[in-house]
Amino acid sequence: QVQLVESGGGLVQAGGSLRLSCAASGRYAMGWFRQTPGKEREFVAAITWSGDVTYYGDSVKGRFTISKDNAKNTVYLQMNSLKPEDTAVYYCGAYRIIVPTTSTRVDYWGQGTQVTVSS
C-alpha cells in the first residue's frame, strides 16, 4: 500500500507564501489538488515520475511551483502570492500513469492539509 504523508499547511496572510511537502513510500508521478466544502476537488499542479515535466491549473500558474526530490520520494508545492481564494484542504496524490488534471485518475491520496489565507 502506497503511503503519502503531507505537511506544511497553515495560516498565512494574503500575499504570503507557504511550502507543502508530501513524502511517498515509492517513486511516482505526483500531483496536488485542493478542495473546499461543497465543491469538487480542483487540480492544482502535477509533475511526472522523472520530474522533468510539470502541469499547473490556470488559477495558480505563475504563483505556485511544483518540484520533486526523487532521492527522498518527496514532492513540494511552493505557493507564493497567496490569495484568500487559495484557502482549501490540499491533497497530495500519486499516479501510476499520470493524467494530470483528473482527480479520478489519481491512484493514491494523502490525508490532506489545511491552507488558510486571510485577507
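The preceding data block contains the structure.
Note that this is a predicted model, so its numbers are computed, not measured.

S.K.: Honestly, the overall build of the protein chain in this entry has me stumped. Any pointers?
M.R.: Helix and strand counts for the protein chain come out as zero helices and eleven strands. Walking the protein chain from its N terminus toward its C terminus, one meets helices and strands in the order β-β-β-β-β-β-β-β-β-β-β. Its C-alpha radius of gyration of 13 Å places the protein chain within 12% of the 14 Å reference for a compact globule of 119 residues. In terms of overall dimensions, the protein chain has a C-alpha envelope of 40 × 30 × 25 Å along the principal axes. For the protein chain, with 119 residues in total, the buried portion stands at 43%. Nonlocal contacts in the protein chain, meaning residues at least 24 apart in sequence, comprise 56% of its contacts between residues at least 6 apart. Accessible surface computed for the protein chain: about 6,100 Å², of which carbon and sulfur atoms make up 47%. One way to put it: in the protein chain the 12 positive side-chain charges average out to a point 3 Å from where the 9 negative ones average out.

S.K.: Would you mind going over the state of the cysteines with me for this structure?
M.R.: A full pass over the atoms with the stated rule returns one disulfide. Put simply, Cys-22 and Cys-92 are joined by a disulfide, and their sulfur atoms are 2.1 Å apart. Measuring the twist about the S-S bond at about -80 degrees, one finds the Cys-22-Cys-92 disulfide to be left-handed. With Cys-22 in strand 3 (residues 18–24) and Cys-92 in strand 9 (residues 88–95), this pair connects stretches of sequence that are 70 residues apart. Given a relative accessible area of 0%, Cys-92 falls into the buried group.

S.K.: Help me understand the sheet that holds strand 1 (residues 4–7) in this model?
M.R.: Through backbone hydrogen bonds, the strands of a sheet pair up, either in parallel or in antiparallel fashion. Strand order in the open sheet made by the four strands is 1-3-8-7, with antiparallel pairing throughout. The two strands at the open ends of the sheet, each matched to only one other strand, are strand 1 and strand 7 (64–69). Taking the axes of each pair of neighbouring strands and ignoring which way they run, one obtains an average angle of 15 degrees across the sheet. The sheet contact formed by strand 7 and strand 8 (residues 74–79) spans six bridges and is antiparallel. Looking at the pairing, Ser-67 lines up with Tyr-76 of strand 8.

S.K.: Can you walk me through the pattern of salt bridges in this structure?
M.R.: In a structure, side chains of opposite charge can pair up when their charged atoms sit close to one another. Considering all chains together, one arrives at five salt bridges under this definition. Two residues, Asp-86 and Arg-63, come together in a salt bridge whose shortest N-O distance is 2.7 Å. Of this pair, Asp-86 sits in the loop between strand 8 and strand 9 while Arg-63 sits in the loop between strand 6 (54–56) and strand 7, placing them 23 residues apart in sequence. With relative accessibility at 11%, the residue Arg-63 sits in the buried group. We note a salt bridge from Asp-107 to Arg-96, for which the minimum N-O separation is 3.0 Å. With Asp-107 in the loop between strand 9 and strand 10 (108–109) and Arg-96 in the loop between strand 9 and strand 10, this pair connects stretches of sequence that are eleven residues apart. Of the residues examined, Asp-107 reaches a relative accessible area of 30% and is grouped as partly exposed. Taken together, the shared-partner salt bridges connect Arg-34, Glu-42, Arg-63 and Asp-86 into one network.

Cut-offs and rules
- What you see as residue numbers is a count from 1 along each chain, following the sequence as written.
- For a predicted model such as this one, the threshold for reporting local features is a pLDDT of at least 70, and the threshold for listing and counting side-chain atom pairs is 80 or more; totals across whole chains, interfaces and linings nevertheless cover every residue.
- By convention in this description, side-chain values take in all heavy atoms of the structure and omit both hydrogens and water.
- Secondary structure elements follow DSSP: runs of H or I of four or more residues count as helices, runs of E of two or more count as strands, with numbering from the N terminus.
- The globule rule used here is 2.2 Å times the number of residues to the 0.38 power, and the radius of gyration it is set against is calculated over C-alpha atoms.
- Burial here depends on accessible area, computed with a 1.4 Å probe over protein chains only, as a share of the maximum for the residue type. Under 20% is buried, over 50% is exposed, and the range in between is partly exposed.
- Throughout, a residue-residue contact means that at least one pair of heavy atoms, one from each residue, lies within 4.5 Å.
- In these tables, accessible area is a Shrake-Rupley quantity obtained with a 1.4 Å probe, and a residue counts as shielded only by the protein chains included in the view.
- We count Lys and Arg on the positive side and Asp and Glu on the negative side, and we leave His and both chain ends out.
- Each charge is placed at NZ for Lys, CZ for Arg, CG for Asp and CD for Glu.
- Defined by distance alone, a disulfide is two cysteine sulfur atoms within 2.5 Å.
- A pair of strands is labelled paired if DSSP reports no fewer than 2 bridges between them.
- Each axis is a line fitted through C-alpha atoms, and for a helix only the stretch in contact is used; angles between axes span 0 to 180 degrees, taken between their N-to-C directions.
- Salt bridges, as used here, are contacts in which a Lys or Arg side-chain nitrogen is within 4 Å of a carboxyl oxygen on Asp or Glu.

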